[in-house]
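Results of the structural survey
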Amino acid sequence: MKKLLARRELSLVVAIILIVGVAVALQPRFASEQNIRSILLWVPLLAVAAMGQTAVIITRGIDVSVGSILGLAGMTTAILLRDYPQLGVGGAAVIGIGLGAILGAINGGMIAFAKVPPIVATLGTLGIYRGLTFIVSGGRQVDDYQLPKDLMNWSLEGPALLSNVPFINSIPWVVWIALLVMILSHLGMTYTSYGRDVYALGGNPDAAALRGIPVNFVTFMAYVLCGIGGGFAGVLYASRYGTVNPSGIGNGFELQVIAAVVIGGVSVFGGTGGAPGVALSCLLLGVVNVALSVLAIADTWQMAIYGLVLLVAIIADERFARSARKRAGEAV
Amino acid sequence: MSSAAVNPVSGAVILSASHISMRFGPVEVLADISVELRAGEVHALLGENGAGKSTLAKILGGVYKPVSGKLALLGNEITLSGPRDAAAKGIALIHQEPLTFPDLSVAENIFIGRQPTKAGRIDWAKMRQDAEKYLSALGVTLDVSAPVRGLSVADRQMIELASALSLNAKVLILDETTASLTPGEVKKLSAVLDRLKAEGKAIAFIGHRMEEIFSICDRISVLRDGLKVGETLRTETNVDAILRWMVGRDVHHLVERGEPNLGDVALDVSGLTRKPRFADISLSVKAGEIVGLAGLVGAGRTDVLRAIFGLDTVDSGLVTVVGTKLVHHDPARAMEAGVALVPEDRQQHGVLMPQSIWENGSLAIMPRLAKLGLVDDKTARKKSAEGTQRLAVKMRDDEQTIRELSGGNQQKVVIGKWLLTNPKVLLLDEPTRGIDVGAKAEVHRVIVELAQSGLAVLMVSSDLPEVLALSDRVLVMRGGQIVSTFDRKDATAEGIIAAASGATLAEVTA
């Protein structure tokens, strides 16, 4: 497995370098500080949401409501900060993340305990959470002047501690936060029994149950984690964009998150993949995103391109899984 | 290794099961069974397919809860809430198809769910070390950091055994563990069992093959139709006596198989090979003939039927149906040539449970009924009724969902569905599995009638009386090959079991 992961990560690195190379060759402006900044601000949102989705997909599940979770949690955080600035940015962030956890728990409860198929349960909540986003906001957006400066600063300033280090000092808080989330995810998936149970469940659900792994709890928690990631990403969204619009926030985001996870080497057939690959694939998508806009390829193409890359990754995985099973002499 | 200090007195009863009964729905599968597993002893649980051995193993291993009866560990009554609970109490169940996680490493497979930790995090180095320790205690060398995917069944069983040892299991239950092992692997396993025995483990060994049983086990209990028919020390018995216990009942002829009315060869198979499942299978079935394909679970019988029907590709070999060579392995072509397959697992492959009887009954000829891609319900119902009436399916009306029918009647709908395609060759896989005794006779009657009407029937069955009652010839498979052939007049239960389990006839009669 180590070798396989290394191969996936290596090819992601190569892909990133290639795309950057082509983009710079065609449009030297690509390497501008402005663009690097916009990659650095876009990727953390995706990465934080993708970490939770990673656990879900390893268990052979899927959470398509993650964009709506981001939306509802981000909207709620923005409204709270507008109406009750005394909460402070930290307090509102905790509420946003907590709300994400609750929304994830609703998904997880339906899937783990009521045995609703993941795609059905989360497609339902995709609609419900989006609807609630309109209800809590009354359909009105929160504008950047209504939000405390502190929140914006997450996306503008880095830690004071590093303010004298050249280059590093221009890396904003959101990037450090995302890095921390990725490291914690990786450690959690590798060094806790919960993380290993997630892999076992995805690898062989029947065996996991017979080996006494608390299958329902493990499944439930994966969706809670996904909700936490979505909620946290919602808070980061408010910081990044300042303007929070109920129909814009997180709309269609699930496609990018799921694409990032699958391209990062997490098989939709369960049991394989992990945080490092997903982190790299978030960076890849970030580079692609900026490259497309710098090369003046219309925004409207972006969704189609994510969809295409996602399908290619799944087909490649499926073929790979088949040949692995064949080599192992298992039924194909 | 678990220390010698807790090594129990050899011969002391570790786990006892008394008066265990078990039923699945209305079917009683175990009745009043008592067995004791002793320290330092391998206790064989023997019986034909369906005798209840595996059910008993699963009860001992905590997978099933018995309807009645008691389990006691070292004299104290226990109840097992599940396999995890059983493992915690020192009872480990090793499965025929080991429960491993293909993408996790060998070490993790051994310790999943209870990895060693240091300061709250999993200690991978210690886990690998411990894994190596337990594997080497079994005399096995495996790369503990490599993923399990690709390892042989034998290696994966060793991983399960190592996992059991790491739990300090006192009782090991091996459920058909040798069924898919090569002779060399069996020898290795047998050496491992000797080690474990010397350490005072109590071992239950579920199996079929006589030579294995007699070389590995110390005590033998025989089950038949859910009842325990006898228990003996190995030293006080012989293969012949055990076989007699296993077969036991008088093999009464369940149906009258009249003189067969044989025609030309309808199905001819030559040199069919699909490694590693089966190799060089040659057989032929004439119109009007019923050929039984006997053998143990895992001998490759189902695989042969699937290959003939074109569900699986083959490495080499030829299938000819009434002069048509089936070159491309494709069920549609096989059906066109006149082959029908009634699969083993009715629930999975045979019927569409939520659909009505007529929808199921007309399924096989749907493409033929379709006009411009649309099927007229009335025609489909009429066609389906032809099948259900011919086989006398008992039903209220054909709008009932097939789920409401008994197993026997479901099976008749499945057979009836295929008859509408006017097959020349009927492949039956365990046609009466899970069907109660009364209905079995009905299905048997149908099979005999179909043969009388000129169909060539190739039937896989683990039910020996059924094989003996219906077959004009019996082919016995073992380890993916046809090892013997019996004509109707020469076929005996003892002979078939001996051939299937690899005991030579000399041994049986010795």
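Note that the structure is predicted; figures quoted are calculated from it, not measured.

Observations concerning the overall build of chain A
- Looking only at helices and strands, one finds 13 helices and 0 strands in chain A.
- Ordered by position from the N terminus, the helices and strands of chain A form the series α-α-α-α-α-α-α-α-α-α-α-α-α.
- Whereas a compact globule of 332 residues would reach a radius of gyration of roughly 20 Å, chain A reaches 20 Å, a difference of no more than 12%.
- Based on the C-alpha atoms only, the size of chain A along its principal axes is roughly 60 × 50 × 40 Å.
- Looking at chain A as a whole, 51% of its 332 residues qualify as buried.
- Within chain A, counting contacts between residues at least 6 apart in sequence, those at least 24 apart form 76% of the total.
- Taking the 20 positively charged and 15 negatively charged side chains of chain A as two groups, their mean positions are separated by 10 Å.

Focus: the overall build of chain B
- Helix and strand content of chain B: 19 helices and 22 strands.
- Along the first, second and third principal axes, the C-alpha set of chain B runs to 75 × 55 × 45 Å.
- Across the 510 residues that make up chain B, the buried fraction comes to 56%.
- A separation threshold of at least 6 residues defines the contact pool for chain B, and within that pool the share at least 24 residues apart is 67%.

A closer look at the packing of aromatic side chains
- In total, this model carries 5 aromatic pairs over all chains according to the counting rule given.
- An angle of 80° between the planes, with centres 6.5 Å apart, marks the rings of Tyr 194 of chain A and Phe 217 of chain A as edge-to-face. With a gap of 23 residues between them, Tyr 194 of chain A in helix α8 (residues 193-203) and Phe 217 of chain A in helix α10 (residues 215-241) connect regions that are remote in the sequence.
- Residue class for Phe 217 of chain A comes out partly exposed when judged on its relative accessible area of 45%.
- Look at Tyr 237 of chain A and Tyr 241 of chain A: their rings are 4.6 Å apart centre to centre, the planes differ by 45°, and that puts the pair in the tilted class. Of this pair, Tyr 237 of chain A and Tyr 241 of chain A both sit in helix α10, 4 residues apart, which is roughly one turn of the helix.
- Relative accessible area serves as the criterion here: at 15%, Tyr 237 of chain A is assigned to the buried category.
- For Arg 240 of chain A, the ring lying beneath its charged end belongs to Tyr 241 of chain A, and the centroid distance is 4.7 Å.
- We note Arg 121 of chain B situated over the ring of Tyr 191 of chain A; from NZ or CZ to the ring centre the distance is 4.2 Å.

Remarks on the sheet that holds strand β18 (residues 339-342) of chain B
Residue and element names in this part refer to chain B.
- The strand order β18-β19-β20-β15-β21-β22 describes an open sheet built from 6 strands, whose pairing is mixed. Strands at the two margins of the open sheet, each flanked by one partner only, are β18 and β22 (481-487). Direction aside, neighbouring strands of the sheet carry axes that sit 20° apart on average.
- Where helix α9 (residues 301-309) meets the sheet, its contacts fall on β15 (290-295), β18, β19 (425-429), β20 (456-460) and β21 (473-478), and the angle it forms with β19 comes to roughly 150°.

Some details on the packing of helix α3 (residues 66-83) of chain A against α10 of chain A
Residues and elements named next belong to chain A.
- Running from N to C, α3 and α10 point in directions that differ by 50°, and their axes come no closer than 7 Å. On the basis of the axis angle, α3 is oblique to α10. Taken as a pair, α3 and α10 cross one another with a handedness that is right-handed. On α10, the residues touching Val 66, Ile 69, Leu 70, Ala 73, Gly 74 and Thr 77 of α3 are Cys 226, Gly 227, Gly 230, Gly 231, Ala 233, Gly 234, Val 235 and Tyr 237.
- Across the contact of α3 with α10, the residue classes break down as 8 nonpolar, 6 polar and no charged.

A closer look at the interface of chain B and chain A
- At the interface, 25 residues of chain B touch 24 residues of chain A.
- Summed over both partners, the interface of chain B with chain A buries about 2,100 Å², with 60% contributed by carbon and sulfur atoms.
- Of all residues in chain B, Leu 99, Phe 101 and Asp 103 of chain B bury the most surface against chain A, accounting for 26% of the area lost on that side.
- Across the chain B-chain A interface, the total number found is 1 salt bridge.
- For Arg 196 of chain A, the salt bridge identified is with Glu 108 of chain B, shortest N-O distance 2.5 Å.
- Across the chain B-chain A interface, the total number found is 6 residue pairs in polar contact (both at pLDDT 80 or more).
- Secondary-structure elements contributing two or more residues to the side of chain B that touches chain A are α2 (83-88), α3 (106-111), β8 (121-122) and α5 (153-166) of chain B.
- Looking at which element gives the most residues to the side of chain B that touches chain A, the answer is α3 of chain B, with 3 residues.

Section: the domain arrangement of chain B
- We note that the domain assignment places domain 1 (4-100 + 151-247), domain 2 (265-338 + 423-509) and domain 3 (355-422) within chain B.
- On a C-alpha basis, the centroid separation for the pair domain 1 of chain B and domain 3 of chain B is 44 Å.

Quick notes on the pattern of salt bridges
Residues and elements named next belong to chain B.
- Applying the stated criterion across every chain, the model contains 24 salt bridges over all chains.
- Put simply, Arg 38 and Glu 41 hold a salt bridge, and the shortest N to O gap is 4.0 Å.
- By relative accessible area, which is 10% here, Glu 41 ends up buried.
- Two residues, Lys 53 and Glu 176, come together in a salt bridge whose shortest N-O distance is 4.0 Å. Residue Lys 53 is found in helix α1 (residues 53-60), and its partner Glu 176 is found in the loop between β9 (171-175) and α6 (183-198); the two are separated by 123 residues along the sequence.
- Classification of Lys 53 as buried rests on a relative accessible area of 4%.
- Salt bridges sharing common partners tie together Glu 36, Arg 38, Glu 41, Arg 219, Lys 228 and Glu 231.

Looking at α9 of chain B
- When you tally the buried positions in α9 of chain B, you get 7 out of 9 residues, the bulk of the element.
- Among the residues of α9 of chain B, those classed as buried are Arg 301, Asp 303, Val 304, Leu 305, Ala 307, Ile 308 and Phe 309 of chain B.

Some thoughts on the environment of Gly 74 of chain A
All names here are of chain A.
- With respect to the helices and strands, the residue Gly 74 is situated in helix α3.
- Its relative accessible area of 0% is what places Gly 74 among the buried residues.
- When sequence neighbours within four positions are dropped, the list of residues in contact with Gly 74 reads Ile 69, Gly 234, Val 235, Val 244 and Ile 249.

What about the pairing of strand β6 (residues 91-94) of chain B?
All names here are of chain B.
- Residue alternation in β6 divides its side chains into two sets, Ile 91 and Leu 93 and Ala 92 and Ile 94, and both sets are buried.
- As paired elements, β6 and β9 share 4 bridges and run parallel to each other. When the sheet's bridge partners are listed, Ala 92 is paired in β9 with Leu 172.

Here we look at the packing of helix α8 (residues 239-247) of chain B against helix α18 (residues 493-501) of chain B
Residues and elements named next belong to chain B.
- Two elements in contact, α8 and α18, have axes whose closest approach is 10 Å; the angle formed by their N-to-C orientations is 115°. The angle between α8 and α18 places the two elements in the roughly perpendicular class. For α8 against α18, the interelement crossing comes out right-handed. Here α8 contributes Leu 243, Met 246 and Val 247 to the contact with α18, which in turn contributes Ala 493, Glu 494 and Ile 497.
- Its residues assigned to classes, the contact of α8 with α18 comprises 5 nonpolar, no polar and 1 charged.

Quick notes on the sheet that holds β6 of chain B
Residues and elements named next belong to chain B.
- Read across the open sheet, the 6 strands follow the order β6-β9-β10-β3-β11-β12; overall the sheet is mixed. Two strands close off the open sheet at either side, each with one partner strand: β6 and β12 (227-233). Taken pair by pair, the neighbouring strands of this sheet meet at an average axis angle of 15°, ignoring direction.
- As paired elements, β9 and strand β10 (residues 202-206) share 5 bridges and run parallel to each other. Directly across from Leu 174, in β10, lies its bridge partner Phe 205.
- The sheet contacts of α5 involve β6 and β9, and relative to β6 the element is tilted by about 175°.
- Most of the contacts of α8 go to strand β11 (residues 219-224), to which it runs at about 25°, and overall it touches β3 (41-46), β11 and β12.

Conventions used here
Residues numbered from 1 in each chain as written. Chains lettered and ligands numbered in written order. Predicted model: local features only at pLDDT ≥ 70, side-chain atom pairs only at ≥ 80, totals over all residues. Heavy atoms only, no water. Helix = DSSP H or I, 4+ residues; strand = E, 2+ residues; numbered from the N terminus. Rg over C-alpha atoms; globule rule 2.2 N^0.38 Å. Buried < 20%, exposed > 50% of the residue type's maximum accessible area, 1.4 Å probe, protein only. Contact = heavy atoms within 4.5 Å. Lys, Arg positive; Asp, Glu negative; His and termini not counted. Charge placed at Lys NZ, Arg CZ, Asp CG, Glu CD. Phe/Tyr/Trp six-rings, centres within 6.5 Å; stacked < 30°, edge-to-face > 60°. Lys NZ or Arg CZ within 6 Å of the ring centre and 35° of its normal. Pairing = 2+ DSSP bridges. Axes fitted to C-alpha atoms, helices over the stretch in contact; angles between N-to-C directions. Parallel < 35°, antiparallel > 145°, perpendicular 65-115°, else oblique. Left-handed = near helix turned anticlockwise from the far one by under 90°. Nonpolar A, V, L, I, M, F, W, Y, C, P; charged D, E, K, R; others polar. Buried area = accessible area lost by both parts, 1.4 Å probe. Salt bridge = Lys/Arg side-chain N within 4 Å of Asp/Glu carboxyl O. Polar contact = N/O pair within 3.5 Å; in protein donor to acceptor, adjacent residues only side chain to side chain. Domains from an automatic or database assignment.

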